[in-house]
Amino acid sequence: IVNKAAGVVVYRQGDTPHGVMQIRAMLPFVLRPPRAGTVGALRQPGSVHRLDKPTSGILCVAKTKPAMLKLSRQFHDRVVKKTYFAIINGIPAEDPASVITPLAAHNLGVDVDPASTAPWNLITAPIDAKPAVTVWRALRY
């Protein structure tokens, strides 16, 4: 697990200039390599998923091919659940039609107590032809 700071890219894009901080290039310098003789050891550790450049958070990194395959499958199958916190300026619009119960949020895989009473908001929108579900609520105004 690597703590990625906001402003750092995970993978350099083709048009990104050299010298841009990127996690992929830093990993060999901050992680211990696998022990000698480790089956499936990768020459260079690789991130299992990505975080956008402006996003800070933890990044899951694999040092072996079996770990990369198993962890990648968990992200692909949406076994891994991600939680984000955001500080925003202003009050977000809450569409009454998008309000769901904590039980409904829990059934969507959100780590929430299904017996709580705080309502949640649901946004569904495809991103790059993949289904994307965001369940959110304001913690305070």
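Going along each chain's sequence as written, the residues are numbered from 1 onward. Totals for whole chains, interfaces and linings use all residues, but because this is a predicted model, local features are given only for residues with pLDDT of at least 70 and pairs of side-chain atoms are given and counted only at 80 or more. Only heavy atoms go into the side-chain values, all of them from the structure, while hydrogens and water stay out.

1. Side note on the pattern of salt bridges
Salt bridge, as used here, is a side-chain nitrogen of Lys or Arg placed within 4 Å of a carboxyl oxygen of Asp or Glu. Using the criterion set out here, one finds 2 salt bridges in the structure. The salt bridge partner of Arg50 is Asp52, with a shortest N-O separation of 2.3 Å. Arg50 gets classed as exposed once you look at its relative accessible area, which sits at 53%. Relative accessibility thresholds used throughout: buried, under 20% of the residue-type maximum; exposed, over 50%; partly exposed, between the two (1.4 Å probe, protein chains only). Here Asp52 falls in the partly exposed class, since its relative accessible area comes to 41%. Between Arg73 and Asp77 there is a salt bridge, with its nearest N and O atoms 3.4 Å apart.

2. Remarks on the nonpolar core
Here, nonpolar core means buried Ala, Val, Leu, Ile, Met, Phe, Trp, Tyr and Cys residues that are tied together by side-chain atoms lying within 4.5 Å of each other. Counting 8 residues, the largest nonpolar core consists of Val2, Val8, Val10, Ile23, Leu27, Leu51, Leu59 and Val61. Pairs of residues are marked as contacts when any of their non-hydrogen atoms sit within 4.5 Å. Apart from residues no more than four positions distant in its own chain, Val10 is found in contact with Lys4, Gln22, Ile23, Arg24, Ser47, His49, Arg50, Leu51 and Leu59.

3. Quick look at the side chain of Lys4
Secondary structure follows DSSP: runs of H or I at least 4 residues long count as helices, runs of E at least 2 residues long count as strands, and numbering of each begins at the N terminus. Secondary-structure assignment places Lys4 in strand β1 (residues 2-4). Of the buried charged residues, Lys4 lacks a salt bridge, with Asp52 as the closest side chain of opposite charge at 8.3 Å. Any pair of nitrogen or oxygen atoms within 3.5 Å is treated as a polar contact; in protein, a donor-acceptor pairing is required on top of that, and neighbouring residues in sequence qualify only through side-chain atoms on both sides. Side-chain polar atoms of Lys4 contact the backbone oxygen of Asp52, separated by 3.4 Å. Contacts of Lys4, omitting those with residues within four sequence positions, involve Val10, Ile23, Leu51, Asp52, Lys53, Thr55, Ser56 and Gly57. The positive count covers Lys and Arg only, the negative count covers Asp and Glu only, and His and the chain ends enter neither.

4. Some details on the layout of surface pockets
The rule is simple: put a 1 Å grid over the protein atoms alone, call a set of points where a 1.4 Å probe fits but cannot get out a cavity, call an open set with protein on both sides within 12 Å along at least five of seven lines a pocket, and count a residue as lining if it has an atom within 4 Å of a point. Grid points are joined across faces, edges and corners, and a volume is the space filled by probe spheres set on the points. Empty space within the largest pocket amounts to approximately 2400 Å³. Along its surface, the largest pocket is lined by 45 residues, and Lys82, Thr83, Tyr84, Val133 and Thr134 are the ones closest to its centre. If you list the elements that add at least two residues to the lining of the largest pocket, you get α2 (65-76), β6 (120-124) and β7 (133-136). Here the lining of the largest pocket gets 4 residues from one element, more than from any other, and that element is β7.

5. Remarks on α2
The length a helix should cover is 1.5 Å for every residue beyond the first. Spanning 12 residues, α2 covers 16 Å between terminal C-alpha atoms, matching the ideal 16 Å at 1.5 Å per step. Looking one or two places after α2, you find Arg78, whose phi comes out positive at around 60°.

On their own, these measurements won't tell you what the molecule is for.
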